[in-house]
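Summary of the model geometry
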Amino acid sequence: MSAALDAVQALKARWPGASDRATLDHPAVNVPASDLVAALRSLKEDHGFDVLQDVSGVDWGAGSSPRFTVVYHVFSTVGHDYVRVAADCTDAVAPEVPSATGLWPGADWHEREAFDMFGIRFTGHPDLRRILMWDGYPHFPLRKDFPLSGVPTELPDAEVVAETRTGAIAAPMAGGPFVASPGEINMTEAEPRAKDESWTERRPKPEA
Amino acid sequence: MSVEHTIPDTAAKHAQGGFETEKMSISMGPSHPSTHGVLRLQLELDGEVVTKADPVIGYLHRGDEKIAENMTYNQFVPYTDRLDYLAPLANNMAYAIAVERLAKLEVPPRCQAIRVITAEMARISSHLMGLGAFGIDVGAWTVFLYSFTEREKLYKLFEELTGARFTTSYTRIGGVARDMPPGWTDRVLAFCDQFLPQLEEILSLLTRNKIFTDRTAGIGVISAQDAIAYGLTGPNLRGSGVPLDLRKDRPYSGYEQYDFDVPVGTRGDAYDRYLVRGEEMRQSVRIIRQAIAQLPAGKWYAEDARRIFAPPKDKVLTSMEELIQNFMIVTEGPQMPAGEVYFEAENPKGALGFYVVSKGGGVPWRLKIRSPSFCNLSILPKVCVGAMVSDVVAILGSFDFVMGECDR
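Here the structure is a predicted model, which is why all the values come from computation and not from measurement.

1. Re the overall build of chain B
In terms of helices and strands, chain B carries 18 helices and nine strands. Against the globule reference of 22 Å for 408 residues, chain B gives a C-alpha radius of gyration of 23 Å, in line with a compact fold. Taking the principal axes of its C-alpha atoms as reference, chain B extends roughly 95 × 45 × 35 Å. A total of 408 residues make up chain B; the buried ones form 53% of that total. The long-range fraction of contacts in chain B, counting pairs at least 24 apart against all pairs at least 6 apart in sequence, stands at 71%.

In structure tokens:
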């Protein structure tokens, strides 16, 4: 564990913008997006954190500042410990951070996923396109303002649309009969329940 | 397999005096027997040789991470069954430990041992499936019949323990759903005793099989550097000779008490990955035997975690205090502190990670699933280039991936 702590201390000493990040397990550090690649390179080359295990986007909710954070988990094949590196996106409307694909080719798919789900652009990524959703899908599903029930969207294949005359439709009851909400809020809001019962699978959706 | 290509106008080319070949674009999948689910490979071929491979994934994307943000921690357990649906017990355990790390909750030794036993049984059943399917992919049908017979015996034991064969949902945050039924461990030991000779027979169908070795040895070679650079984990990483195993390197759930070896390959080809899986099953049997031999007594859930683990049913129906406790956990969910954790477990397919961000309360703010199949498949564009089309089938078989986990 100490190697990971040392690495975090070294990062903070080298980049004044870096700061401790609250954590419940592995040593964690916040770095400014501009220093992100250099910090990851230092972790990889100077401190032996040679595996990129995970890249994850986080949306803190519309109106939060910063709204988007990208979280990296790097692992050391020698010391067998993790370091968490987080970089906030300065712009909430067009979030972007530099790409780590130059350090780990494995970052490619992780970054495509974060782009697909959150709309975070990774500058310098060689081929940043959607990975789980189809090309041309207009929304970013893991953003907090995207509803659990989905948004009615046209299907990508014109032939299929012509044949079935349907698209991707939203789910009834705002996503299901048991939808809970995060955070320490009052029980009525928190408990799992149908959030919108104006239409169900049996009762058709009222015309807007 | 649908074929999209333009028919070359050979007569016109002859008239110009030259003859050119054209590359062919083939879409392999999403419905193809060797893609084990709904993986699609957009291949570009020069004759029989692959010049470019672009995996297209997402056909099984169900938005599990979005769903997790809208339900309590225990409600998400059944969704973890559907990640790597060939080893649901191992997924249940990885998820439960991740959330328990968030609550800084240590489950009793008996619970840990039960989880280890079930996770290792899940590993055996997953590898049996992987071997059987790999055999079919390269033309060895018989293996599948034998390995499925063995897997069925395991599924009988799973059913006895959890009530379900496939979607077990066995763990809860802070424990497991119920203790093992009487005599169950004896039946597990009896399975182990008859399984080892069966395993030798199954492996002997492939290990020195000329057709199998011809189709897998030297195929899909991944160097140790590449395996690390692409974040490969599990047997695919160890097949390339990197001795990383989270059960050894970062022991969780009491793995440090058990004596087992971590097999590694030497050449990183499809054959080595097969050998590693075969040996891992033997090691799993070793772990199961030790875990049962030293099985601690006690509770199978954390008794003191009153805001996390629902009380036993008989107490709920007879005691007011427990009834309220049960009601609160069901409606509000297990109460967690604010903060973030990342936990990875060594699953049959590789390191399954959960990154949990909590703002307090019973529902995660963000739950990222780091799926081993997703990372393992990301190396395909590199490995497939230069291989023949038939080699692609062997490479996919040797990767032993699950799309439910890859697409989430």
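2. Focus: the domain arrangement of chain B
Residue and element names in this part refer to chain B. Taken as a whole, chain B is organised into domain 1 (2-56) and domain 2 (73-306 + 332-407). Domain 1 and domain 2 are separated by 36 Å when their C-alpha centres are compared. Across the contact, 16 residues belong to domain 1 and 18 residues belong to domain 2. For the side of domain 1 that touches domain 2, the secondary structure elements donating two or more residues are strand 3 (40-46) and strand 4 (49-56). If you tally residues by element for the side of domain 1 that touches domain 2, the top one is strand 4, at seven residues. Of the residues contributing to the side of domain 1 that touches domain 2, the split by class is eight nonpolar, five polar and three charged.

3. A short note on the sheet that holds strand 1 (residues 19-20) of chain A
Residues and elements named next belong to chain A. Spatially, 1-2-5-4-3 is the arrangement adopted by the five strands of the open sheet, whose pairing is mixed. Bordering the open sheet on either side are strand 1 and strand 3 (51-59), each of which pairs with just one other strand. Pairing between strand 2 (residues 28-30) and strand 5 (residues 82-88): three bridges, direction parallel. By the bridge assignment, Asn 30 is partnered in strand 5 with Ala 86.

4. Remarks on the sheet that holds strand 9 (residues 366-370) of chain B
Residues and elements named next belong to chain B. Spatial ordering of the open sheet is given by 7-8-9, a layout of three strands whose pairing is antiparallel. With partners counted over all chains shown, the strands left at the sheet margins are strand 7 (336-347) and strand 9, one partner each. The sheet shows a mean angle of 5° between the axes of neighbouring strands, taken without regard to direction. Here five bridges tie strand 8 (residues 350-361) to strand 9, and the two strands are oriented antiparallel to one another. By the bridge assignment, Val 357 is partnered in strand 9 with Arg 366. Helix 4 (residues 88-103) contacts strand 7 and strand 8 of the sheet and is inclined by roughly 145° relative to strand 7.

5. Concerning the packing of helix 5 (residues 109-137) of chain B against helix 6 (residues 141-162) of chain B
All names here are of chain B. Running from N to C, helix 5 and helix 6 point in directions that differ by 160°, and their axes come no closer than 8 Å. Overall, the two elements helix 5 and helix 6 adopt an arrangement that is roughly antiparallel. The handedness of the crossing between helix 5 and helix 6 comes out as left-handed. Contacts from Met 121, Ile 124, Ser 125, Leu 128, Met 129, Leu 131, Gly 132, Gly 135 and Ile 136 in helix 5 reach Trp 141, Val 143, Phe 144, Ser 147, Phe 148, Glu 150, Arg 151, Leu 154 and Leu 157 in helix 6.

6. What about the domain arrangement of chain A?
With domains assigned, chain A is organised as domain 1 (2-144) and domain 2 (147-201). Placing a centre on the C-alpha atoms of domain 1 of chain A and another on those of domain 2 of chain A gives a separation of 30 Å.

7. Re the nonpolar core
Nonpolar side chains tend toward joint burial in soluble globular proteins. Core analysis: the biggest nonpolar cluster contains 171 residues, and Val74(A) and Ile395(B) have the highest contact counts within it. By residue number, the principal contributor to this core is helix 5 of chain B, which donates 14 residues. Each residue touching Val74(A), except ones within four places of it in the same chain, is listed here: Leu43(A), Phe49(A), Val51(A), Leu52(A), Gln53(A), Tyr82(A), Val83(A) and Val85(A).

Definitions and cut-offs
- Residues numbered from 1 in each chain as written.
- Chains lettered and ligands numbered in written order.
- Predicted model: local features only at pLDDT ≥ 70, side-chain atom pairs only at ≥ 80, totals over all residues.
- Helix = DSSP H or I, 4+ residues; strand = E, 2+ residues; numbered from the N terminus.
- Rg over C-alpha atoms; globule rule 2.2 N^0.38 Å.
- Buried ≥ 20, exposed ≤ 12 C-beta atoms within 10 Å, placed from the backbone.
- Contact = placed C-beta atoms within 7 Å.
- Domains from an automatic or database assignment.
- Nonpolar A, V, L, I, M, F, W, Y, C, P; charged D, E, K, R; others polar.
- Pairing = 2+ DSSP bridges.
- Axes fitted to C-alpha atoms, helices over the stretch in contact; angles between N-to-C directions.
- Parallel < 35°, antiparallel > 145°, perpendicular 65-115°, else oblique.
- Left-handed = near helix turned anticlockwise from the far one by under 90°.
- Core = buried A, V, L, I, M, F, W, Y, C linked by C-beta atoms within 7 Å.

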